[in-house]
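Descriptive structure summary
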Amino acid sequence: MSTLCMTADIAVIGGGAYGLSAALWLRRLRPDLSVLLLDRSDFAGNETGRCGAGFRAQWGAAGNIRLCQESLPSYENFAEEFGYPEGIEFKQDGYLILAHGEEQLDQLRRNIALQARFGVDSALLTAEEVARLAPGLNPAGVVGGSFCARDGSLSPFRVLDGFHRAALRSGVVIRHGVTIESIEPRNGAFRLRAGGESIEAGRVVVATDTRIPQLLGPLGIDIPVQPYPNQAFVTEPLPPRLGPCVVSFAHEMFLNQTVRGSVVVVASDRRRALGADARPTADLFPRAAAHAIDLLPALGTARLLRSWAGLYSITPDMLAVLGETALPGLFVALSGAKGFMTAPAAGRLLAHLVDGQAVPDWFARLSPARFASGEELEKEPAIV
Ligand SMILES: Cc1cc2nc3c(=O)[nH]c(=O)nc-3n(C[C@H](O)[C@H](O)[C@H](O)COP(=O)(O)OP(=O)(O)OC[C@H]3O[C@@H](n4cnc5c(N)ncnc54)[C@H](O)[C@@H]3O)c2cc1C
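Analysis parameters
Residues numbered from 1 in each chain as written. Predicted model: local features only at pLDDT ≥ 70, side-chain atom pairs only at ≥ 80, totals over all residues. Heavy atoms only, no water. Buried < 20%, exposed > 50% of the residue type's maximum accessible area, 1.4 Å probe, protein only. Helix = DSSP H or I, 4+ residues; strand = E, 2+ residues; numbered from the N terminus. Pairing = 2+ DSSP bridges. Near = heavy atom within 4 Å. Polar contact = N/O pair within 3.5 Å; in protein donor to acceptor, adjacent residues only side chain to side chain. Areas by Shrake-Rupley, 256 points an atom, 1.4 Å probe, with all protein chains shown as cover. Salt bridge = Lys/Arg side-chain N within 4 Å of Asp/Glu carboxyl O. Axes fitted to C-alpha atoms, helices over the stretch in contact; angles between N-to-C directions. Left-handed = near helix turned anticlockwise from the far one by under 90°. Contact = heavy atoms within 4.5 Å. Nonpolar A, V, L, I, M, F, W, Y, C, P; charged D, E, K, R; others polar. Parallel < 35°, antiparallel > 145°, perpendicular 65-115°, else oblique. 1 Å grid on protein atoms, 1.4 Å probe; cavity = no way out; pocket = protein on both sides within 12 Å on 5 of 7 lines; lining within 4 Å. Points joined across faces, edges and corners; volume = space filled by probe spheres on them. Domains from an automatic or database assignment. Buried area = accessible area lost by both parts, 1.4 Å probe.

A few words now on the pairing of strand 11 (residues 197-206). Across the 10 residues that make up strand 11, a large majority, eight, are buried. Looking at chain direction, strand 10 (residues 189-194) and strand 11 are connected through five bridges and run antiparallel. Across the sheet, residue Arg-191 finds its bridge partner in strand 11, namely Glu-200. Where strand 10 folds back on strand 11, the antiparallel hairpin that results is connected by two residues, among which Gly-195 adopts a positive phi of roughly 60°.

With that settled, the discussion passes to the site of the ligand. Close contacts around the ligand come from 36 residues, with Asp-39, Thr-48, Gly-54, Ser-335 and Met-341 the closest. A distance of 2.8 Å is found between an oxygen atom of the ligand and a backbone nitrogen or oxygen belonging to Gly-54. Between the ligand and the protein, one listed contact pairs an oxygen atom with a backbone N or O atom of Phe-340 at 3.2 Å. Starting from 1000 Å² of accessible surface for the ligand in isolation, the protein chains cover 97%.

Attention shifts here to the pattern of salt bridges. Across all of its chains, the model carries 15 salt bridges by this definition. One salt bridge connects Arg-150 with Glu-76, and the closest N-O pair in it is separated by 2.7 Å. Of this pair, Arg-150 sits in the loop between strand 6 (144-148) and strand 7 (152-153) while Glu-76 sits in helix 2 (residues 62-76); the two residues are 74 residues apart in sequence, bridging distant segments of the chain. Arg-150 gets classed as partly exposed once you look at its relative accessible area, which sits at 39%.

Here we come to the packing of helix 1 (residues 17-29) against helix 9 (residues 339-354). For the pair helix 1 and helix 9, the least separation of the axes is 7 Å and the interaxial angle reads 35°. In this structure, helix 1 crosses over helix 9, and the sense of that crossing is right-handed. Listed contacts from helix 9 to Ala-17, Tyr-18, Ser-21, Ala-22, Trp-25, Leu-26 and Leu-29 of helix 1 are Gly-339, Thr-342, Ala-343, Pro-344, Ala-346, Gly-347, Arg-348, Ala-351, His-352 and Val-354. Partitioned by chemical class, the residues of the contact of helix 1 with helix 9 number 11 nonpolar, five polar and one charged.

Relative orientation of the contacting elements helix 2 and helix 9 amounts to 95°, with a least axis distance of 7 Å. Of the possible angle classes, the one that applies to helix 2 and helix 9 is roughly perpendicular. Residue-level inspection shows Leu-67, Cys-68, Glu-70, Ser-71, Ser-74 and Tyr-75 of helix 2 in contact with helix 9, the latter providing Phe-340, Met-341, Thr-342, Ala-343, Pro-344, Ala-345, Ala-346 and Arg-348. Residue classes in the contact of helix 2 with helix 9 are distributed as nine nonpolar, three polar and two charged.

Moving on: empty space enclosed by the protein. For the coordinates displayed, the defined rule picks out two cavities of 30 Å³ or more. Looking at the lining of the largest cavity, the elements that each hand over two or more residues are strand 15 (263-268) and helix 8 (284-295). A total of four residues in the lining of the largest cavity trace back to one element, the largest contributor, which is helix 8. Partitioned by chemical class, the residues of the lining of the largest cavity number four nonpolar, three polar and two charged. Counted as a void, the second largest cavity has a volume near 40 Å³. Taken together, Phe-55, Ala-57, Gln-69, Leu-72, Gly-119, Val-120, Asp-121, Cys-148, Arg-150 and Asp-151 form the lining of the second largest cavity. Here the residues of the lining of the second largest cavity sort into five nonpolar, two polar and three charged.

In this section: the domain arrangement of the protein. The assigned domain composition of the protein is domain 1 (4-50 + 157-225 + 317-371) and domain 2 (91-152 + 226-314). Distance from the C-alpha centre of domain 1 to the C-alpha centre of domain 2: 30 Å. On the domain 2 side, the residues contacting the 12 residues of domain 1 number nine residues. Here domain 1 and domain 2 share an interface that buries about 900 Å² over both sides, 58% of which is from carbon and sulfur atoms. By the criterion of area lost to domain 2, the three top residues of domain 1 are Arg-50, Thr-210 and Val-225, representing 48% of everything that side buries. For the interface between domain 1 and domain 2, the tally reads zero salt bridges. Between the two partners, domain 1 and domain 2, sit six residue pairs in polar contact (both at pLDDT 80 or more). Residues belonging to the side of domain 1 that touches domain 2 are distributed by class as follows: five nonpolar, three polar and four charged.

All right, on to the pairing of strand 4 (residues 95-99) then. Side chains on a regular strand alternate between the two faces of the sheet. Most of strand 4 sits inside the fold, with five of its five residues counted as buried. Burial along strand 4 is two-sided: the face carrying Tyr-95, Ile-97 and Ala-99 and the face carrying Leu-96 and Leu-98 are both buried. In this sheet, strand 6 lies alongside strand 4 in antiparallel orientation, the contact comprising five bridges. By the bridge assignment for strand 6, Leu-98 is matched with Gly-145. Where strand 4 lies against strand 13 (residues 245-248), four bridges are found, and the strand directions are parallel. Among the inter-strand pairings, Leu-98 is bridged to a residue of strand 13, identified as Ser-248.

Right, dumping it as structure tokens:
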């Protein structure tokens, strides 16, 4: 049997938001190098296509805040930066994070202080201000909240389409339907195996999110990530009821009314074990529906259009993992469950790193080496 062989200066494995962003920035930085992006699925057949579409800089760990702050201008100016006049439906009505109880309010206060250091214009709200901002929400138990007007939601499909087209225009070669089975180091470069094919690449970026360990584990590279199933529900279009996106830790839930009127509910299933099973489960629905109606009572009469599940990539500190592995030339781009909102900056700065250029210290700290350094990790407290 003959073996097909392709070569590239840089191969990117995974064509979700992270892989596409990294690939297009690599070609923008180095038009003299060939960049080949390989993905086992079709367009948007990935976690990015299943995400809740939210963007917020209101995090409690510096690495998350900075990745979002660096990504925000790219999303605000997407048409110009990526040549995509179609628009990405960025609804910048802000993000409201509710506090049910003093402990949560204290955490939000600490998060806001940290966010202010990096230029995020967020503010602590009283319970009365929360009620004025989102009158449709159930005020019971709400003691305050945090709000940032530049946060919001945007279309994952438009963003993927924009990245995809920009990558093609910049000269990235994209191949769908190619499952990489292994990565073999070879004389300072790499051979990727995919069925009967082999691909030779000088440098490799692995951007397969929760599936990164399958490719890097056999090389002795341990990237600590656990898949965690999350489920989304979408209602029929409703009259405008909810301006900002809403996060409630007490309800374990994120709510967003899209520009078309549908309300998207993302519910985490803490009772479900960590694992790679991303099928929706019927047992979450009654609990999630009860929580959603408690949070936004107008949902009590709304009809459900559809539901899907996907996997969060849970890292020990809930931050992305971006950088070179112990094998020179082999890089990792792992989202840490916020890969949609952080993709513009993650891809751009990782491309600089792959090209041997300087990156800011805060970005360098997202390297996989941090897990073996013995240093205390900065943990993200603001995860739903
Ligand atoms: C229900 C839900 C709601 C979410 N809400 C948000 C949100 O509001 N905002 C936000 O920022 N994030 C959200 N997330 C997280 C976000 O979806 C992910 O962090 C992000 O999409 C990851 O992007 P990625 O490019 O790393 O991975 P993906 O988009 O999954 O892309 C990885 C690609 O790798 C390919 N691949 C895998 N293995 C191989 C292989 N062996 N060979 C070739 N190709 C391979 C896959 O086909 C896939 O296309 C949510 C996630 C879920 C599940």
